[in-house]
Each structure stands twice: as C-alpha cells, then as structure tokens.
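Structural description and commentary
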Amino acid sequence: MAAELDAAAGALLAVWETAREQTASPLSDAQLRAVMVVERHDGINLRRLASRLDMLLSSASRLCDRLVAAGMLKREPGRLDRREIALHLTAQARRLLIELRQDRRRRLAEVLAGMSGQGREELLRGIREFDRVARQCEGPAEPTDGRPTPARPSFRVAAEPGVRRL
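Here goes a summary of the coordinates provided.

What counts and how
Residues numbered from 1 in each chain as written. Predicted model: local features only at pLDDT ≥ 70, side-chain atom pairs only at ≥ 80, totals over all residues. Heavy atoms only, no water. Buried < 20%, exposed > 50% of the residue type's maximum accessible area, 1.4 Å probe, protein only. Helix = DSSP H or I, 4+ residues; strand = E, 2+ residues; numbered from the N terminus. Pairing = 2+ DSSP bridges. Axes fitted to C-alpha atoms, helices over the stretch in contact; angles between N-to-C directions. Parallel < 35°, antiparallel > 145°, perpendicular 65-115°, else oblique. Contact = heavy atoms within 4.5 Å. Nonpolar A, V, L, I, M, F, W, Y, C, P; charged D, E, K, R; others polar. Salt bridge = Lys/Arg side-chain N within 4 Å of Asp/Glu carboxyl O. Core = buried A, V, L, I, M, F, W, Y, C linked by side-chain atoms within 4.5 Å. Expected span 1.5 Å × (residues − 1). Arc of directions from axis to C-beta.

**What about the pairing of strand β2 (residues 85-89)?**
- The element β2 is largely enclosed, with a buried count of four among its five residues.
- As defined by bridge partners, strand β1 (residues 73-77) adjoins β2 across five bridges and the pair is classed as antiparallel. Across the sheet, residue L73 finds its bridge partner in β2, namely L89.

What follows is the structure, encoded as structure tokens:
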C-alpha cells in the first residue's frame, strides 16, 4: 500500500512543487519549510525550530540569518525569557505564503475538476484521515513538562493552519 501511495502521490507532489517554484522562487526548500514552521508555531525559538527541521542548531541559525536578511523572519526577545529569541514571520513572508497557496489551490482545482464528485470526496476523506494520523505521529512541538521532547519520526507535516485541504 505504501509503495502504491508513493507512486500515486507523484502528481500531487508535482503540483505542489510547480507552485513552489513559480511563487516561492526566492526561497530554497529548507527556507520555505522554516517559514512554514514559524507560521505554525509563531514565536518558536531557534532550538525548537532546528528540532522541527531535523537540523543542527548552527545550520538552523544560519538559515534564519538568511531569512532575516531576506525580510522573511524577524527575531524578538522571548516573552518568558528575554535571553531567548522568538521567531516571527514578516508581512512579506505572509504575502508569499498567501501567493503560494493561491497558486497551489488553482493548480489543484484544475486537476480536481477532472475527477468525479465521488472521487473528490473519497480523496478528501482519505487525506483528512492521513493528516490526523500523521499529526499524532509528529507529537507536540514543545515539551509540556520541562523534560526533553521525545524522539519523533523522521518526517514532518508542513501544516497550514486554517487551511481546508483539497
């Protein structure tokens, strides 16, 4: 089943990548992932961002330096600990994500228009269930009791808050 899904998902991933290439061209894949994580976890600190991206702290720091220089991220002192730096999206990054999503939805709509109503409903139902289970596998973004965050699977869900998928 996993191999069949992997093969069938190729077209969906191609639509996603084409939209990314057309819209988010100033950002690398890693930079776009970082921007999406910061969007989902506004105020995230660098250590947690590095963990979410499966990066070394030094690599995540350099990535954020480039995003700050590009006008996509801003750093602010943390609310609870002023020594900690909180990451936030800029208006420019938010506009870029809106443009990316609009292009991606337009491309998806073109493909979905060729599907039967039943096929669209089944696809949506399956994707929603997949999303729910994948989020459960992902675990919490931050430790809730002061202990280190347990190891997570090697995948991350690039979630989009408030977005109804497909």
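**Considerations on the packing of helix α3 (residues 29-40) against helix α6 (residues 91-112)**
- Direction vectors running N to C along α3 and α6 enclose 105°, while the axes themselves pass 11 Å from each other. As judged from the angle between their axes, α3 and α6 are roughly perpendicular. Contact residues: α3 offers L32, V35, M36 and E39, while α6 offers A93, R94, L97, L100, R101 and R104.
- Of the residues in the contact of α3 with α6, the class split is six nonpolar, no polar and four charged.

**Details of the pattern of salt bridges**
- Tallied over the full model, the rule gives eight salt bridges.
- Here E39 makes a salt bridge to R101, at a shortest N to O gap of 2.6 Å. Taken together, the residues E39 in helix α3 and R101 in helix α6 connect sequence positions 62 residues apart. Both residues of the pair, E39 and R101, count as buried.
- Salt-bridge contacts for R106 lead to D103; the nearest nitrogen and oxygen are separated by 2.6 Å.

**Some details on the nonpolar core**
- Among the nonpolar cores identified, the biggest contains 22 residues, and L27, V35, V38, L49, L67, L89 and L97 are the most heavily contacted of them.
- Those elements that provide at least two residues to this core are α3, α5 (57-69), β2 and α6.
- Considering each element in turn, this core owes the most residues, six residues, to α3.
- What L49 contacts, discounting residues up to four positions off in sequence, is A34, V37, V38, I44, C64 and L87.

**Examining helix α2 (residues 10-23)**
- The terminal C-alpha atoms of α2 lie 20 Å apart, and with 14 residues this matches the ideal 20 Å at 1.5 Å per residue to within 8%.
- Among the residues of α2, those classed as buried are V15, A19, R20 and T23. Along α2, the residues classed as buried sweep out an arc of 130° about the axis, all on the same side. Opposite the buried face of α2, at more than 90 degrees from it, the exposed residues are A11 and L13.
- For α2, the secondary structure elements touched by its buried residues are α3 and α6.

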